[in-house]
Structures are given as structure tokens and as C-alpha cells.
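In case you want the letters, here they are:
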Amino acid sequence: MHDYVSDLRALVGHRPLILPGAAVLLTDEEGRVLLLARADTGGWGLPGGLMEPGERLEDTGRREVREETGLSVGELQLFGVYSGAEQFYRYPNGDEIHNVTVVYRAPLPEGSTPQVEGRENTDWRFFPPDRPPTTLIAPEKPILADYARAAARSPRPGTATAT
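These numbers were taken from a predicted model, which means no experiment stands behind them.

Turning our attention to helix α2 (residues 57–69). Taking 1.5 Å per residue, 13 residues should reach 18 Å; α2 reaches 18 Å between its end C-alpha atoms and fits that length. Each element contacted by the buried residues of α2 is listed here: β1 (17–27), β2 (33–38), β4 (48–50) and β8 (121–127). Positive phi appears at Gly-70, one or two residues downstream of α2, with a value of about 80°.

Put into C-alpha cells, the structure is as follows:
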């Protein structure tokens, strides 16, 4: 994907791009959400990233989780689709993006521990969905807010679904 976006950036510079991607709400048995400390922004975000040409969005979610955490997730449950003004982001290097993000939910694979490789992400932690870190990147805020509302209505931790 880096080559695809790099090729686009060579043509358009920092101007806004509309790019599809996927993110995964990985939850532990207490319903907390896995967030990663991102090396490119300095903020926290969900495991996820941009779709590669020809890739299915579900495969994007699985690939990004594997690349960013070393985990292989099973079935993904669609949580929601996020686009619009709240999904605009300006990276520290000046690149602008309008995200169109399909968000899935999956339980943390039993007995597994996330690992970070240090290039894209430098740390990981589980956070209660209603108490994310103050440095949560802006496009993730509406996703976590929706998940916190859904989790508050859910009878069991970790089973929230969007409505």
C-alpha cells in the first residue's frame, strides 16, 4: 500500500485524498478496546489501515491487525462505516486524508498477547471505551464514542454492536 499512496502523493502532494480503509475494535473479556500508540502521529488509534488495490475490506482489517499486533483474528462483525468531516485528518507531515473507514469488531483471540513491531506502532494498551486516552487521534473519537454507547446498552462486556 505504501507504494500506491506514495505514487498518489507524488502526483497530488499534500492535497486531500479520499481513501478507504478498515479498523478493528479488538476487545478483551472486560470489554476494553485495544489501542495502539502510533509512530506517525504520536496519538493512539485502533488497529487498522488503508485498503490495498484489489483487497476486500474484511481482509484489510485482518491484515492490519496481523501486521500491527501479530494477532490473527477470526470472524469479524461489522460495527459501522465512518466517513464525512469527522474522518478528515492532517498528518504531522502535512498529508491530508478523508478516511472512509469500515469498522469491525472482534474479540481478542483467547490466550494471545499483542506485539508491536515499532515502525508503525510503539505501544499497546486496553482502554475502557468510555475513557480513551486524551491523545486519541481525531478520526477514532466518533468510533470509540459509538462503541462506548453500544457497550453501555449491551448485556455483556465485549458484545456491543452499532445500531
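Below, the discussion takes up helix α3 (residues 141–153). The terminal C-alpha atoms of α3, which comprises 13 residues, lie 19 Å apart, in line with the 18 Å expected from a rise of 1.5 Å per residue. Buried residues of α3: Pro-142, Ile-143, Leu-144, Tyr-147, Ala-148 and Ala-150, and no others. Packed against the buried residues of α3 are β1, β2, β5 (77–82) and β7 (96–107).

All told, the structure shown has 14 salt bridges when counted by the stated rule. Arg-56 serves as the salt-bridge partner of Glu-58, at 3.2 Å between the closest nitrogen and oxygen. Here Glu-96 ties to Arg-90 by a salt bridge, and the two come within 2.7 Å at their closest N and O atoms. By relative accessible area, which is 16% here, Glu-96 ends up buried.

Quick look at the confidence of the model for the chain now. Taken over all residues, the pLDDT of the chain has a mean of 91, while the share at 70 or more is 93%. Element-level mean pLDDT values for the chain span from 84 in helix α1 (residues 2–12) up to 98 in β5.

In this section: the packing of aromatic side chains. One pass over the structure, following the stated rule, counts 4 aromatic pairs. On the basis of an interplanar angle of 75° and a centroid distance of 5.3 Å, the ring pair of Trp-44 and Phe-127 is categorised as edge-to-face. On the criterion of sequence distance, the pair formed by Trp-44 in strand β3 (residues 44–45) and Phe-127 in strand β8 is long-range, its members being 83 residues apart. Plain terms: the ring middles of Tyr-89 and Tyr-91 are 4.9 Å apart, the flat faces sit at 85° to each other, and that makes the pair edge-to-face. The class of Tyr-89 is buried, set by a relative accessible area of 15%. In this structure Tyr-91 comes out as partly exposed when scored by relative accessible area, which is 22%.

Criteria and thresholds
Residues numbered from 1 in each chain as written. Predicted model: local features only at pLDDT ≥ 70, side-chain atom pairs only at ≥ 80, totals over all residues. Heavy atoms only, no water. Helix = DSSP H or I, 4+ residues; strand = E, 2+ residues; numbered from the N terminus. Expected span 1.5 Å × (residues − 1). Contact = heavy atoms within 4.5 Å. Buried < 20%, exposed > 50% of the residue type's maximum accessible area, 1.4 Å probe, protein only. Salt bridge = Lys/Arg side-chain N within 4 Å of Asp/Glu carboxyl O. pLDDT = per-residue confidence, 0-100. Phe/Tyr/Trp six-rings, centres within 6.5 Å; stacked < 30°, edge-to-face > 60°.

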